Amino acid sequence: MTAAGIARLAGVGRAAVSNWRRRHADFPKPVGGTETSPAFALRDIEQWLRDQGKLAEVPLRERVWQQLVGHPAGAAAALRQAGAVLLLVRDRPAAWKQLRGASDDADLTGVLPVMLESVLAARLGDGHPVQGLTREALAPSAALVRATADLAALDGAPEAYAFLLGRHLDANPRQYTLTPPGPAALMAELAALAGPSGSVLDPACGAGGLLTAAQERAAAQPDAAPLALHGQEADPDLAALTALRLALGVPDARVRVRAADTLRADAFPELAVDAVLVHPPFNERNWGHDELAYDPRWEYGFPARTESELAWVQHALARLRPGGTAVLLMPPAAASRRSGRRIRADLLRRGALRAVIALPAGAAPPNGIPLHLWVLRKPDGGAQPSPHLLVVDTAGLAPGASGGRDKLDWAAVRAAAVEAWQSFDRDGGVEEMPGVRRSLAAIDLLGDDVDLAPARHLPPPAAAGGPAELAEVRDRLTDTLARTTALTPRSAPQDTAEKTVPARWPLTTVGELARSGALTLRAGGAGTAAPGAPLAVLTDHDVIAATEPSGTLPEAAPSGPLEEPVLVQEGDVVVPVLGGGSIARVVDATTAGAALGRNLTLLRSDPAALDPWFLGGFLRGTANNRQASSYASTATRLDVRRLQLPRLPLAEQRRYGARFRDLAAFEEALRLASRLGEQLVQGMYDGFTDGTVAPD
């Protein structure tokens with residue numbers, strides 16, 4: 001385990017672990033890793049922490065996770081073993097109970113490979129990707145096997161694997177490109193609106209998010225038959241982990257996952273499914289252009305080397321039954337690059353491409369790009385090609401598009417996309433909404449570029465609701481500017497200001513106040529919400545941008561334990577510890593009740609000893625933050641315990657607190673004036689340019 005893992009076990013920061021290594025001669029020596037990132041033996045670390053009184057007992061979840069990351073074969077191999085054991089525990093409990101009684105580790109790992117292969121073949125079919133579960137590979141894993149089975153008894157096998165896989169994916173964000181739950185659920189819904197699906201394929205299944213979304217949607221429908229789920233992934237490790245995720249998470253579904261390069265080595269060449277969902281890799285040059293020139297899948301044209309996404313589009317169509325639906329998450333450039341215009345034109349002529357839906361930037365990685373959803377329908381030989389294409393643009397629901405707020409309204413994005421597609425698919429057209437949606441005649445798009453970007457074909461929306469709404473915005477701005485004038489802080493007269501010198505108060509630190517009981521420190525980021533009871537999360541971005549809580553706490557597994565989050569209360573002071581600068585936010589009544597997010601520290605003061613506005617105000621001092629910040633890494637980290645406050649009587653604290661409260665009100669008025677001003681200016685530009693507002 002690494003220093004970060006030790007810190008997590010003991011509930012301290014990494015700096016504390018470094019300090020222990022320097023101060024304690026008996027601290028365990030590294031057993032691997034590098035000089036800058038050493039690795040330690042879990043057993044030695046646990047014993048040392050207990051001897052020092054820094055650890056009572058390691059939670060079972062944490063113990064299994066540390067065994068995974070410290071496994072000699074690597075975390076991915078250990079996770080394969082753990083997932084296979086969980087499948088055995090769930091599907092064949094009697095066999096596992098008999099095997100669990102083996103007292104000797106060699107007996108346990110010697111018999112285990114045969115039993116694991118039997119249960120894997122039964123659930124995943126021959127040729128499944130969960131390989132490498134040999135006697136030799138399992139020999140060092142007896143402790144992991146037993147601990148994983150214990151975790152299944154505590155949480156349930158599917159929940160235990162979901163936790164371990166989720167932790168692994170979170171710990172390796174650069175290694176995996178994941179489809180967020182929102183877009184995944186939307187893609188599954190768009191495909192299902194065409195009719196019930198009995199089989200779904202994801203030919204670039206990654207971690208299985210799209211197939212899981214399809215199964216969850218099917219399971220939510222009354223009397224729905226189990227789906228047949230087919231997935232293919234080029235990364236053998238990820239294919240194995242995904243196969244286990246689906247086998248454990250959807251016990252009633254028939255699961256087939258294969259590890260191979262889909263375009264070069266299609267694992268399901270004879271398959272004809274009801275729906276295809278895929279988030280293909282973007283901008284790949286080495287997708288097989290040279291060796292696949294005569295592949296029969298290129299029914300709509302041979303893709304250029306730079307058009308790998310159009311190769312995935314045609315692969316999806318090739319694996320659909322006639323009338324089946326495919327939904328692909330695409331980069332926006334695929335709708336307009338000249339090198340793909342002939343294929344796009346043929347997709348339109350033959351009625352295969354039915355809709356292009358632009359998502360807001362931030363909906364899915366890469367988050368800086370507004371990705372598109374392409375909805376395709378495999379033409380039925382006897383049906384007349386559709387003469388229209390639906391274009392939808394949800395960019396107006398992007399962060400900052402409504403009143404300057406930074407929260408993406410995903411529910412509104414989903415509703416706009418689903419309503420438009422449902423109406424279009426049912427009626428062959430859709431009521432036009434300027435700036436949002438439109439049904440286009442395919443023949444009108446067959447120009448030189450065959451540009452399908454929705455924004456280029458939608459009439460602009462009316463300027464901020466027309467002159468009446470602009471007048472309302474102007475009135476609000478006028479009132480706000482008057483309020484900012486009234487709230488502008490008074491400064492000292494110049495002759496007085498020249499004579500003032502910095503105050504020499506006796507100082508204390510936040511750490512000293514915490515030790516004395518004057519305030520309580522809590523770190524955010526942990527906790528789960530009860531199933532079906534979503535809980536808002538105050539994120540570090542919300543604190544820095546002074547917006548409402550925008551995060552959502554993950555739900556606990558139905559049969560798993562509920563981890564209590566830290567809930568903010570009115571009067572709490574919240575400080576970002578990473579890259580926030582001189583920021584401290586006093587929680588008001590509208591924010592109270594939200595969970596505290598990651599990279600935030602909460603300071604809850606004793607009202608008989610500390611005024612919260614006094615506390616929050618002095619924490620924002622530039623010099624205070626500078627002396628309490630660490631520049632040891634590329635991101636400045638704030639050591640909240642080192643922040644300083646003057647020792648003042650409570651009455652004097654309240655005098656300062658009242659002024660700090662006034663400054664906060666002035667600051668919020670300035671933010672509101674800025675948002676209203678931007679809205680008025682852009683609305684006037686739009687009104688003048690589209691003719692809804694006259695120059696006079």
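Below is a short write-up of the structure. This is a predicted model, so every value here is computed, not measured.

1. Quick word on the overall build of the chain
For step 1, the next point in the chain: For the chain, the helix and strand inventory stands at 23 helices and 22 strands.
For step 2, the next point in the chain: On C-alpha atoms alone, the chain measures out to a radius of gyration of 30 Å, which is about the 26 Å that the 2.2 N^0.38 rule sets for 696 residues.
For step 3, the next point in the chain: For the chain, the C-alpha atoms occupy an extent of roughly 90 × 90 × 45 Å along the three principal directions.
For step 4, the next point in the chain: When each of the 696 residues of the chain is scored for burial, the buried share is 46%.

2. Description of the nonpolar core
For step 1, the next point in the chain: Trp 96, Leu 112, Leu 190, Leu 277 and Leu 373 are the most contacted members of the largest nonpolar core, which has 91 residues in total.
For step 2, the next point in the chain: Once residues within four sequence positions are removed from consideration, Leu 373 is found in contact with Leu 186, Met 187, Leu 190, Val 327, Leu 328, Leu 329, Ala 355, Val 356, Ile 357 and Leu 359.
For step 3, the next point in the chain: Membership of the second largest hydrophobic core comes to 41 residues, among which are Val 273, Leu 310, Leu 317 and Leu 452.

3. Points about the packing of helix α5 (residues 75-91) against helix α7 (residues 105-124)
For step 1, the next point in the chain: In the contact formed by α5 and α7, the axes pass within 9 Å of each other and the chain directions differ by 75 degrees. Considering their axes alone, α5 and α7 lie roughly perpendicular with respect to each other. Across from Ala 84, Val 85, Leu 87, Leu 88, Arg 90 and Asp 91 in α5, the residues of α7 making contact are Leu 112, Met 115, Leu 116, Val 119, Leu 120 and Arg 123.
For step 2, the next point in the chain: In the contact of α5 with α7, the residues fall into nine nonpolar, no polar and three charged.

4. Description of the sheet that holds strand β3 (residues 199-202)
For step 1, the next point in the chain: Spatially, nine strands are ordered β5-β4-β3-β6-β7-β9-β8-β10-β11 in an open sheet, and the strand pairing comes out mixed. Single-partner strands in this sheet number two, and they are β5 (254-259) and β11 (437-441). The average undirected angle you get between the axes of adjacent strands in this sheet is 15 degrees.
For step 2, the next point in the chain: Pairing between strand β4 (residues 228-233) and β5: six bridges, direction parallel. When the bridges of β5 are listed, Ala 228 appears paired with Arg 254.
For step 3, the next point in the chain: Of the strands in this sheet, β8 (353-358), β9 (372-377) and β10 (388-393) touch helix α15 (residues 341-349), which is tilted by about 50 degrees from β9.
For step 4, the next point in the chain: The strands touched by helix α16 (residues 410-427) are β8, β9, β10 and β11; relative to β10, the strand with the most contacts, the crossing angle is about 170 degrees.

5. Topic: the side chain of Arg 585
For step 1, the next point in the chain: Along the chain, Arg 585 turns up in strand β17 (residues 585-586).
For step 2, the next point in the chain: Here Arg 585 occupies a buried position and makes no salt bridge, while the nearest side chain of opposite charge, Asp 588, is found at 5.1 Å.
For step 3, the next point in the chain: Of the polar contacts made by the side chain of Arg 585, one reaches the side chain of Thr 591; its length is 3.1 Å.
For step 4, the next point in the chain: Dropping the residues within four chain positions of it, Arg 585 is found in contact with Leu 538, Asp 542, Val 543, Ala 546, Thr 547, Asp 572, Val 573, Val 574 and Thr 591.

6. Focus: the sheet that holds strand β18 (residues 595-596)
For step 1, the next point in the chain: Read across the open sheet, the three strands follow the order β15-β14-β18; overall the sheet is mixed. The open sheet has two edge strands with one neighbour each: β15 (551-552) and β18.
For step 2, the next point in the chain: Across two bridges, strand β14 (residues 536-538) lies against β15 in antiparallel orientation. Opposite Val 537, over in β15, you have Gly 551 as the bridge partner.

7. Some details on a negative patch on the surface
For step 1, the next point in the chain: Where like charges cluster on the molecular surface, the negative patch consists of Glu 469, Glu 472, Asp 475 and Asp 479.
For step 2, the next point in the chain: Relative to the elements of secondary structure, Glu 469 occurs in helix α17 (residues 467-487).
For step 3, the next point in the chain: Here Glu 469 falls in the partly exposed class, since its relative accessible area comes to 34%.

8. Description of the side chain of Gln 66
For step 1, the next point in the chain: Looking at the secondary structure, you find Gln 66 in helix α4 (residues 60-69).
For step 2, the next point in the chain: In terms of polar contacts, Gln 66 uses its side chain to reach the side chain of Glu 62, at 2.9 Å.
For step 3, the next point in the chain: Residue contacts for Gln 66: discarding those within four places in its chain leaves Met 1, Gly 5, Arg 8 and Leu 42.

9. Concerning unusual backbone geometry
For step 1, the next point in the chain: With an omega of -5 degrees, the peptide bond between Pro 365 and Pro 366 qualifies as cis.
For step 2, the next point in the chain: As for its placement among the helices and strands, Pro 366 is situated in the loop between β8 and β9.
For step 3, the next point in the chain: For Asn 283, which is not glycine, the phi torsion reads 55 degrees and is therefore positive.
For step 4, the next point in the chain: Within the element layout of this structure, Asn 283 appears in the loop between β6 (273-278) and α14 (308-318).
For step 5, the next point in the chain: Asn 283 sits in the exposed class, given a relative accessible area of 53%.
For step 6, the next point in the chain: One non-glycine residue, Ala 546, lies in the positive phi region at around 60 degrees.
For step 7, the next point in the chain: With respect to the helices and strands, Ala 546 occurs in the loop between α20 (540-545) and β15.
For step 8, the next point in the chain: For Ala 546, a relative accessible area of 26% puts it in the partly exposed group.

10. Re the packing of aromatic side chains
For step 1, the next point in the chain: Counted by the stated rule, this structure contains 11 aromatic pairs.
For step 2, the next point in the chain: With centroids separated by 5.5 Å and ring planes inclined at 85 degrees, the aromatic side chains of Phe 618 and Phe 660 adopt a geometry described as edge-to-face. Placement of the pair is Phe 618 in helix α21 (residues 612-619) and Phe 660 in helix α23 (residues 650-690), with a sequence separation of 42 residues.
For step 3, the next point in the chain: Accessibility expressed as a relative area gives 15% for Phe 618, which makes it buried.
For step 4, the next point in the chain: Here the aromatic residues Trp 505, Phe 614, Phe 618, Tyr 656 and Phe 660 are joined through ring pairs into a cluster of three or more.
For step 5, the next point in the chain: Taking the ring centre of Phe 163 as reference, the NZ or CZ of Arg 61 above it sits at 4.4 Å.

What counts and how
Residues numbered from 1 in each chain as written. Predicted model: local features only at pLDDT ≥ 70, side-chain atom pairs only at ≥ 80, totals over all residues. Heavy atoms only, no water. Helix = DSSP H or I, 4+ residues; strand = E, 2+ residues; numbered from the N terminus. Rg over C-alpha atoms; globule rule 2.2 N^0.38 Å. Buried < 20%, exposed > 50% of the residue type's maximum accessible area, 1.4 Å probe, protein only. Core = buried A, V, L, I, M, F, W, Y, C linked by side-chain atoms within 4.5 Å. Contact = heavy atoms within 4.5 Å. Axes fitted to C-alpha atoms, helices over the stretch in contact; angles between N-to-C directions. Parallel < 35°, antiparallel > 145°, perpendicular 65-115°, else oblique. Nonpolar A, V, L, I, M, F, W, Y, C, P; charged D, E, K, R; others polar. Pairing = 2+ DSSP bridges. Lys, Arg positive; Asp, Glu negative; His and termini not counted. Salt bridge = Lys/Arg side-chain N within 4 Å of Asp/Glu carboxyl O. Polar contact = N/O pair within 3.5 Å; in protein donor to acceptor, adjacent residues only side chain to side chain. Patch = residues over 30% accessible without salt bridge, like charges linked within 9 Å, V, L, I, M, F, W, Y side chains within 5 Å. Areas by Shrake-Rupley, 256 points an atom, 1.4 Å probe, with all protein chains shown as cover. Charge placed at Lys NZ, Arg CZ, Asp CG, Glu CD. Phe/Tyr/Trp six-rings, centres within 6.5 Å; stacked < 30°, edge-to-face > 60°. Lys NZ or Arg CZ within 6 Å of the ring centre and 35° of its normal.

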